[in-house]
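Fold and geometry: a report
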Amino acid sequence: MSSALRIRGVRDLPREEFFAPGHGLCAGCTASTIIRHLLKVSGKDTIIVNATGCVEVSTTMYPYTSWRTPWLHVAFENAAAAASGVEAALKAMARKGLVDPERRINIIVLAGDGGTYDIGFQALSGMLERGHRVMYVLYDNEAYMNTGIQRSGSTPLHAWTTTTPIGKVLRGKIQFKKPIAEIVAAHRIPYVATANIAYPIDMDQKFLKGLQVDGPSFIHVLQPCPTGWRFDPRYGIKAGKLAVETAMWINWEIIMGDFKVTTRVPKRKHVKHYLTIQGRFRGLTDEEIEEIQRLVDREVERINNMVGEEVIGPLTD
Amino acid sequence: MSWKEIPIGGIIVEAGNSVKRKTGDWRVFKPVIDQDKCTRCLICWMYCPDGVIEIRDISYKTSTGRLWTTTLEINYDHCKGCAICAEECPVNAIELVEEVK
Amino acid sequence: MESMLESRARQVRVLLNSNYAVAYAARDADVDVVAAYPITPQTGVVEKLSEMIANGELDAEMIHVESEHSALSAIIGASAVGARVFTATSSQGLEFMHELLHIASGMRLPLVMSVATRALSAPINIWNDYSDLMNVRDSSWITLIASTAQEVYDSIIEAFMVSEDPRVLLPSIVAYDGFWMSHTYEPLYIPEDRRVVSKILPRRPRYVLDPDNPITIGSLVNPDWYYEIKYQQVEAMKEAYRVIREADTKIKYYLGRAYEPIESYMAEDSEILVLTYGGAYETLQSAVDMMRSEGLRVGALKLRLWRPFPVEDLKSKVGDAENLIVVDRAISYGASIEGPAALEVIAAFYKGKSCPTISSFIAGIGGRPVSEEDFKGIVKKALKLGDKALKMGSIHWGVRGASYE
């Protein structure tokens, strides 16, 4: 990452690609787009620590790698701990003159929702509490896609997965999506943000801010998954936009405790526009869709109250 | 090659060598950029998952006489044909053509 | 262990328990990163290292992780960027690390870990046996088992020498008895000037995560190459034996103490040999003295090097002895012979030119003391049962109600 890097628009993004094609991620996988942007922002002086997941298995199929930066994968639940070690090592080695003390290396964890919400949660909390200078990027596709679409702590209410079928008695996932970014924010780290691949400039600015703080940062990115969410691969960006336009997803950031919504939504669409383009919500009754709508309404109210103004507007469509 | 010749521990020492794997044969529909219609807004480049839209410093003069200093080209060796580019193009300058062998 | 007064380095006599001996060795090895989580009876190691770092005696990062799983994960990450790293654990902590033990060795990272051995839950028990260590024997870590605080210190240094050798690049464990050694103070010699350790432990280049030369560590390997990569580990473990012997020579030259993969006491002319490992070897030597005074031609062997298993050293130390009694400190449940070391010993003698009568005993489980009298009783029992002993499997010594006739 060049210290002079400013991102106001697409033309500010470096052309150089640190993520090579030829990997095995699905056609239309938006995780791949996220990584391209992440590495454009972070640049050459980056070490990626990847938790087990779709990205890990698809991008390093021996003897081929898509990574043009140093890359480490240890296991599923410990990316934050391994990154803590990377950071501590660079600190100690810089003091001893074993590495260049003037060179700032970006240490980035890349993990999915399974590796963050669920199995990797303890290691993440430990890393945040200890204050390592690591940026943790969560690419959230709302289920265990690598093992074939099983529910995670991130799967939203009523969504179908192979372990939460929409049956006669149980209707998809019966629990809510865990508010992971707010739980992370409760650790009082310098920078926490939510982002969405359909709003790449907002996302890239957040990557940049996350890399500039002296301590842990956490960027939670919604990553529409054509395979797991059951939509045509061409609609990955459209799904991301609808998530924001319906307020199923809100782009915000917390800088040193200061909460701000970064993508305002003056007029809000009904959640049905987001849900009906995805096969995972197929078969829900109107009443169930309204139940999700009421949840979103309540969340919008809470966010607006927190900000102190109507950053997310009323339902109009 | 035997166990003696490969690096230890499954380490891959050639950065970005996945380019040797051609994923272009995954494609069912091929995106084709109409250079005349294209406004060089870079939205396709920005959203492309596989980074196969390449910005080339090749100038192009449209039929109406407008001169562009860049041309966007698709790396068909790796394009998987997801069609995000065609879907997101604001001026419908990317057409999907059925692959024929 | 043979101790010599003459060595290259000037040394000072200090009084330490084995936990502190570990900490002094890690300090003298100039480790860069330590990540550890407290667990009895290892905790003294982390405390002492924290103290050394806090006082500026050791320039290292101490990562106070939230679990043993993260302790090993963190030093894997640190080692992957080229740092010299260390951790310590016991029992449940070692079990919690288990999947990462295989990952660390599979990634060929030269980590060093001390294990103050302790019984496994359930029932929960904080006292000593070697069930924790024996459970990780297939994880491709070089494993040394020490019997004195002096040997603990020297073995940690030796572990770094071997692990970091480019011909090896595998992690190492140095194990010793929880409580019996971790909490018992003994006199030992350590170099007055730590620079002598830096001399025998130079920093050596290896594959590391470096933005100027980006590599991928931890890739997904399919059936087409997985076996070759694991076979490299098989060969590295074999190679480790030679490197360990070279390191033994260097330790002798610089520090004046001579170690062997199989240590022995009064073994040369013995008809009966008793083999054990860890702190019990000290007790066994006293028992040998007692039995010798009673006219028995008995000697003691100690398994110092557990992985790679030193087959040839064992055979040459056993020589023509008629009886070989293996006293294990762990149980391998359901195995044909439940003593893990006994199984290796039997395999070592299979179809050999000379094979002693081997018997397998298990003693000292869950911290139950193993005294000189116990060793005397074990020898008496083994001689009485002769070849019949092994047909019964392993003999669980001192268990109320367990009888072997």
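All of these numbers come straight from a predicted model, not from anything done at the bench.

It is worth spelling out the overall build of chain A at this point. On a plain count of helices and strands, chain A comes out with 11 helices and 8 strands. Compactness check: chain A gives a C-alpha radius of gyration of 19 Å against a globular reference of 20 Å for 317 residues, within 12% of the reference. Across its three principal axes, chain A shows a C-alpha extent of roughly 65 × 45 × 40 Å. The buried share of chain A, reckoned over its 317 residues, is 63%. For chain A, the proportion of contacts with a sequence separation of at least 24, taken over those separated by at least 6, is 70%. Summed over all atoms, the accessible surface of chain A reaches about 11400 Å², with 53% contributed by carbon and sulfur.

Attention now goes to the interface of chain C and chain B. Interface extent is often summarised as the accessible area lost during association of the parts. Each side of the interface is counted separately: chain C has 15 residues, and chain B has 11 residues. Both faces considered, chain C and chain B share a buried interface measuring about 1400 Å² in area, 71% of it formed by carbon and sulfur atoms. Among the residues of chain C in contact with chain B, C:Tyr207, C:Trp225 and C:Gln232 are the three that bury the most area, contributing 38% of the side total. Counting across the interface, chain C meets chain B through 0 salt bridges. The interface formed by chain C and chain B includes 5 residue pairs in polar contact (both at pLDDT 80 or more).

Turning our eyes to something else, we now look at the interface of chain B and chain A. Contacts between chain B and chain A engage 38 residues on the former and 41 residues on the latter. Summed over both sides, the interface between chain B and chain A buries roughly 3200 Å², with carbon and sulfur atoms accounting for 57% of that surface. The largest share of the area that chain B buries against chain A comes from B:Trp45, B:Met46 and B:Tyr47, three residues that together contribute 20% of it. Between chain B and chain A we count 3 salt bridges in total. With its nearest N and O atoms 3.3 Å apart, the salt bridge here joins B:Asp57 to A:Arg15.

Here we take up the side chain of C:Asn17. All names here are of chain C. Here asparagine 17 lies in the loop between strand 2 (11–16) and helix 1 (18–28). The exposure class assigned to asparagine 17 is buried, which follows from its relative accessible area of 6%. Side-chain polar atoms of asparagine 17 contact the backbone nitrogen of tyrosine 20, separated by 2.8 Å. If we ignore the near neighbours within four places in the chain, the residues touching asparagine 17 are Ala149, Met181, Ser182, His183, Thr184 and Tyr185.

This part takes up a nonpolar patch on the surface. Residues and elements named next belong to chain A. Judged by side-chain polarity, Val169, Leu170 and Ile174 come together as a nonpolar surface patch covering roughly 330 Å² of accessible area. Locating isoleucine 174 in the fold gives a position in the loop between strand 4 (135–140) and helix 6 (180–185). With a relative accessible area of 52%, isoleucine 174 lands in the exposed category.

All names here are of chain C. Summarising the element assignment, leucine 120 is placed in the loop between strand 6 (112–117) and helix 6 (131–134). Here the alpha-carbon distance between leucine 120 and glutamate 344, two residues 224 residues apart in the chain, equals 22 Å. The contact partners of leucine 120, leaving out residues within four places of it in the chain, are Ser91, Gln92, Glu95, Ser131, Asp132 and Asn135.

Attention now goes to the state of the cysteines. Residues and elements named next belong to chain A. Counted according to the given criterion, the structure contains 0 disulfides over all chains. With no disulfide of its own, cysteine 29 lies closest to cysteine 26 among cysteine sulfurs, the gap being 6.2 Å. Under the relative-accessibility criterion, cysteine 29 is labelled buried at 9%.

Further remarks concern the domain arrangement of chain C. Residue and element names in this part refer to chain C. Each assigned domain of chain C is listed with its residue range as follows: domain 1 (2–258) and domain 2 (264–396). Distance from the C-alpha centre of domain 1 to the C-alpha centre of domain 2: 27 Å. Between domain 1 and domain 2, the residue contacts involve 29 residues of the former and 25 residues of the latter. Of the roughly 2200 Å² buried where domain 1 meets domain 2, counting both sides, 54% is carbon and sulfur surface. Between domain 1 and domain 2 we count 5 salt bridges in total. The partner of aspartate 177 in a salt bridge is arginine 329, with the nearest N and O atoms 3.8 Å apart. Between the two partners, domain 1 and domain 2, sit 18 residue pairs in polar contact (both at pLDDT 80 or more). Looking at the side of domain 1 that touches domain 2, the elements that each hand over two or more residues are helix 6, strand 7 (142–145), helix 7 (149–163) and helix 9 (226–255). A total of 5 residues in the side of domain 1 that touches domain 2 trace back to one element, the largest contributor, which is helix 9. Tallied by class, residues from the side of domain 1 that touches domain 2 come to 15 nonpolar, 7 polar and 7 charged.

Parameters at a glance
- Sequence order as written defines the numbering, with residues in each chain counted from 1.
- By the order in which they are written, chains take letters starting at A while ligands take numbers starting at 1.
- At least 70 in pLDDT is required for a residue's local features to be given in this predicted model, at least 80 for side-chain atom pairs to be given and counted, and no such filter applies to totals for whole chains, interfaces and linings, which use all residues.
- Working from all heavy atoms in the structure, the side-chain values ignore hydrogens and water.
- Helix numbers and strand numbers start at the N terminus; a helix is a DSSP run of H or I with at least 4 residues, a strand a run of E with at least 2.
- Throughout, the radius of gyration refers to the C-alpha atoms, and the reference size of a globule is 2.2 Å times the residue count to the power 0.38.
- When accessible area is computed with a 1.4 Å probe and restricted to protein chains, residues below 20% of their type maximum are described as buried, those above 50% as exposed, and intermediate ones as partly exposed.
- In this analysis, two residues are considered to be in contact whenever any of their non-hydrogen atoms come within 4.5 Å of each other.
- Surface exposure here means Shrake-Rupley accessible area, sampled with a 1.4 Å probe, where a residue is shielded only by the protein chains that are shown.
- Note: buried area is the sum, over both parts, of the accessible area (probe 1.4 Å) each one loses when the two are combined.
- Definition used for salt bridges: Asp or Glu carboxyl oxygen within 4 Å of a side-chain nitrogen of Lys or Arg.
- Polar contact is defined as a pair of N or O atoms within 3.5 Å, subject to the rule that within protein one atom must be able to donate a hydrogen and the other to accept it, and that residues adjacent in sequence are counted only when both atoms are side-chain atoms.
- The patches described consist of residues with a relative accessible area above 30% and no salt bridge, like charges being joined within 9 Å and nonpolar side chains (Val, Leu, Ile, Met, Phe, Trp, Tyr) within 5 Å.
- The rule for a disulfide is simple: a pair of cysteine sulfur atoms within 2.5 Å.
- Residue ranges assigned to the domains are those given by an automatic or database domain assignment.
- Polar here means any residue other than Ala, Val, Leu, Ile, Met, Phe, Trp, Tyr, Cys and Pro, which are nonpolar, and Asp, Glu, Lys and Arg, which are charged; Gly is therefore polar.

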